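Each chain, letter by letter, is given below.
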Amino acid sequence: MAQVNEVTATIDEKYSEYAPFVERLTNLYNERIGLEAKRQQIDEALLTNAFDIGACLTEAKAFAAEAQKAVPTGDVAHALTAYEAFKKIAETLGYGESTAIKYIAIHGSYRLQDLRKLGCLHGEAFTTLYVLSQLDETSLAEIQRAGSLLPSNTKPVTRSKAESFLKAQQERIGAEIEAENRQREANHAKAVEIAAAAN
């Protein structure tokens, strides 16, 4: 036991000059842990905000459509279409038409709502959330098989990654449509052949 104390004293004596660095690094590390916790809170707040903005714009769009129905026919002063009225509301709130539509898509995506409830969204940017809102179940499952959009993986999905899955989805759907068209053409050709044989 005396030997261990002697070695410890030698190490402490030898490296005591590094004590300020150890203390500073410990403080910086603890500060980083605190900042990461704050970032997680901010990411969650931004995520909530994106869905809330979408909900508000969805309500504004519905309100504009209802208000349009109440306008008497021929009333030139109130001749805005529901779409134009919604566009004006969005612009008044500081959102362009494209941005407003993206927020509405985010809010309206039940798949994103489900992922959020399961804790699978981790601070994705609003534009990434929009791309994710365009993905079907198959594409979202592929992203999860690739290790993203999981509660255990707190790294946000990037927009480019989401877009690559959207592109793959579009190609898959295009191939499915082509296959269906080929099948219809084959069925039509078969029907024509049967009709010709019957005559």
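Please read all numbers here as calculations on a predicted model, not as lab measurements. (Residues numbered from 1 in each chain as written. Predicted model: local features only at pLDDT ≥ 70, side-chain atom pairs only at ≥ 80, totals over all residues. Heavy atoms only, no water.)

Participant: Could you give an account of the nonpolar core, with specific residues and numbers?
Facilitator: Membership of the largest hydrophobic core comes to 28 residues, with the highest contact counts inside it found for Leu 57, Leu 112, Leu 121, Leu 132 and Leu 149. Per-element tally for this core: the top contributor is helix α2 (residues 19–70), with six residues. Residues in contact with Leu 121, not counting those within four places in the same chain, are Leu 47, Phe 51, Leu 112, Leu 115, Arg 116, Leu 129, Leu 132 and Leu 149. (Core = buried A, V, L, I, M, F, W, Y, C linked by side-chain atoms within 4.5 Å. Buried < 20%, exposed > 50% of the residue type's maximum accessible area, 1.4 Å probe, protein only. Helix = DSSP H or I, 4+ residues; strand = E, 2+ residues; numbered from the N terminus. Contact = heavy atoms within 4.5 Å.)

Participant: Give me the packing of α2 against helix α5 (residues 110–117): which residues, what numbers.
Facilitator: Put simply, α2 and α5 touch, their axes get as near as 12 Å, and they point 155° apart. The angle between α2 and α5 falls in the class roughly antiparallel. Read as a crossing pair, α2 and α5 show a hand that is left-handed. On α5, the residues that touch Glu 44, Leu 47, Thr 48 and Phe 51 of α2 are Leu 112, Gln 113 and Arg 116. Of the residues contributing to the contact of α2 with α5, the split by class is three nonpolar, two polar and two charged. (Axes fitted to C-alpha atoms, helices over the stretch in contact; angles between N-to-C directions. Parallel < 35°, antiparallel > 145°, perpendicular 65-115°, else oblique. Left-handed = near helix turned anticlockwise from the far one by under 90°. Nonpolar A, V, L, I, M, F, W, Y, C, P; charged D, E, K, R; others polar.)

Participant: Quick one: what's the story with unusual backbone geometry, residue by residue and with numbers?
Facilitator: Of note in this structure, Leu 149 is not a glycine but carries a positive phi near 55°. Accessibility expressed as a relative area gives 1% for Leu 149, which makes it buried.

Participant: How would you sum up the packing of aromatic side chains? Please name residues and give values.
Facilitator: Applying the stated rule across the entire model yields two aromatic pairs. Look at Tyr 95 and Tyr 103: their rings are 5.5 Å apart centre to centre, the planes differ by 70°, and that puts the pair in the edge-to-face class. Residue Tyr 95 is classed as partly exposed on the basis of its relative accessible area, which comes to 22%. Each ring, one from Tyr 103 and one from Phe 126, has its centre 4.3 Å from the other, and the planes form 20°; the classification is stacked. (Phe/Tyr/Trp six-rings, centres within 6.5 Å; stacked < 30°, edge-to-face > 60°.)

Participant: Give me the lowdown on the pattern of salt bridges, citing residues and values where you can.
Facilitator: Summed over the entire model, instances satisfying the criterion amount to nine salt bridges. When the shortest N-O distance is used, the salt bridge between Glu 137 and Arg 111 registers 3.1 Å. A residue pair is termed long-range when its members are at least 10 positions apart, and Glu 137 in helix α7 (residues 137–145) and Arg 111 in helix α5 qualify at 26 residues. Arg 172 serves as the salt-bridge partner of Glu 176, at 3.8 Å between the closest nitrogen and oxygen. In this pair, Glu 176 and Arg 172 both sit in helix α8 (residues 159–198), four residues apart, roughly one turn of the helix. Residues joined in a network through salt bridges with shared partners are Asp 136, Arg 172 and Glu 176. (Salt bridge = Lys/Arg side-chain N within 4 Å of Asp/Glu carboxyl O.)

Participant: Outline the side chain of Ser 148, listing residues and values.
Facilitator: Here Ser 148 shows up in the loop between α7 and α8. Ser 148 gets classed as buried once you look at its relative accessible area, which sits at 6%. Reaching out from Ser 148, the side chain makes a polar contact with the side chain of Lys 161 at a distance of 2.6 Å. Excluding its chain neighbours within four sequence positions, the residues that come into contact with Ser 148 are Ile 143, Asn 153, Val 157 and Lys 161. (Polar contact = N/O pair within 3.5 Å; in protein donor to acceptor, adjacent residues only side chain to side chain.)

Participant: Describe the side chain of His 122, naming the residues involved and giving the relevant values.
Facilitator: Secondary-structure assignment places His 122 in the loop between α5 and α6 (126–133). A distance of 3.5 Å separates a polar atom in the side chain of His 122 from the backbone oxygen of Cys 120. Not counting residues within four places of it along the chain, the set of residues in contact with His 122 comprises Asp 43, Leu 150, Pro 151, Asn 153, Thr 154, Lys 155 and Pro 156.

As far as function goes, none of this settles anything; it's purely spatial.
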